[in-house]
Amino acid sequence: MRKINMTALEDKTYSMKKYLFFILLFWTVSIAAQKDSTVIPGPKPSVDTEPRPSQIAAFPGGHQAFVKEVLKNFRTSPLVKAEIMKAKAVATFIVDTEGNMVDIKIESYEYKMVKDEFLRALKMIKTQWIPAEENGKKVRSIMRQPLVFSLQ
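The sections below set out a description of the structure shown in this document. Throughout, a residue's number is its position along its own chain's written sequence, starting from 1. Local features in this predicted model are restricted to residues of pLDDT 70 or higher, and side-chain atom pairs are both shown and tallied only at a pLDDT of 80 or more, whereas totals for entire chains, interfaces and linings draw on every residue. The side-chain values count all of the structure's non-hydrogen atoms but skip hydrogen atoms and water molecules.

### Here's the deal with the overall build of the chain
- When helices and strands are counted, the chain shows four helices and six strands.
- When a residue's accessible area, from a 1.4 Å probe over protein chains only, is under 20% of the maximum for its type it is buried; when over 50% it is exposed; and in between it is partly exposed. Among the 152 residues that make up the chain, the fraction classed as buried is 36%.
- In this description, contact between two residues means that some pair of their heavy atoms is separated by no more than 4.5 Å. Considering only residue pairs separated by 6 or more positions, the chain has 77% of its internal contacts joining residues 24 or more positions apart. Strands here are runs of E lasting at least two residues and helices are runs of H or I lasting at least four, both read from the DSSP assignment and numbered beginning at the N terminus.

This is the structure in structure tokens:
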């Protein structure tokens, strides 16, 4: 009979659990963040606050598809090597009238490495969004995307 090395098996199971936890946490927080999306004013100044678009910008395949794209591009191994096991960051970007993600910025972060990796992962996404609409006209809109990174 062969002996099974339980330590290696446990390590793989633990790593998989950490990865799944990260995905679920990122997905949960990111869904709530999309409720904060607002319209960016056009050339005409607004009298009061900007109205919410009648249809907000949408990623083809929905928000889960967007999160999947971010996670596909996000590398955790450099962060683990730097012993960064937990971090938060919030990104903002504009979906223009053509559906492009432009002016991608990280507005808050705890570690520069996490900021840089999150920014890199977002900039790698080339899929065009379905632009927001107001009164049947495509408008620019700002989107917020949080990242909660936890491997503990």
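Moving on from the coordinates now.
### Regarding the pairing of strand S2 (residues 86-95)
- By the criterion of burial, S2 is predominantly enclosed, with eight of the ten residues buried.
- Relative to strand S6 (residues 141-150), S2 runs antiparallel, the two being bridged by ten bridges. Residue pairing in the sheet places Val90 in a bridge with Pro146 of S6.
- Here a strand pair is declared whenever DSSP counts at least two bridges between the two strands. Strand direction decides the pairing type here: S2 and strand S3 (residues 101-109), joined by six bridges, are antiparallel.

### Notes on the side chain of Gln145
- Here Gln145 shows up in strand S6.
- You can call Gln145 buried: its relative accessible area is 0%.
- Whenever two N or O atoms come within 3.5 Å, that pair is a polar contact, provided that in protein one can donate a hydrogen and the other can accept it, and provided that, for residues adjacent in sequence, both atoms are side-chain atoms. In this structure the side chain of Gln145 is engaged in a polar contact, spanning 3.3 Å, whose partner is the side chain of His63.

### Quick notes on helix H2 (residues 63-73)
- Burial in H2 covers these residues: His63, Phe66, Val67, Val70, Leu71 and Asn73. Summarising the axial view, the buried residues of H2 lie within an arc of 165°, below the 170-degree limit, and thus occupy one face. In H2, those exposed residues whose orientation departs by more than 90 degrees from the buried face are Gln64, Lys68 and Lys72. Here the arc refers to the directions that run from the helix axis out to each C-beta atom.

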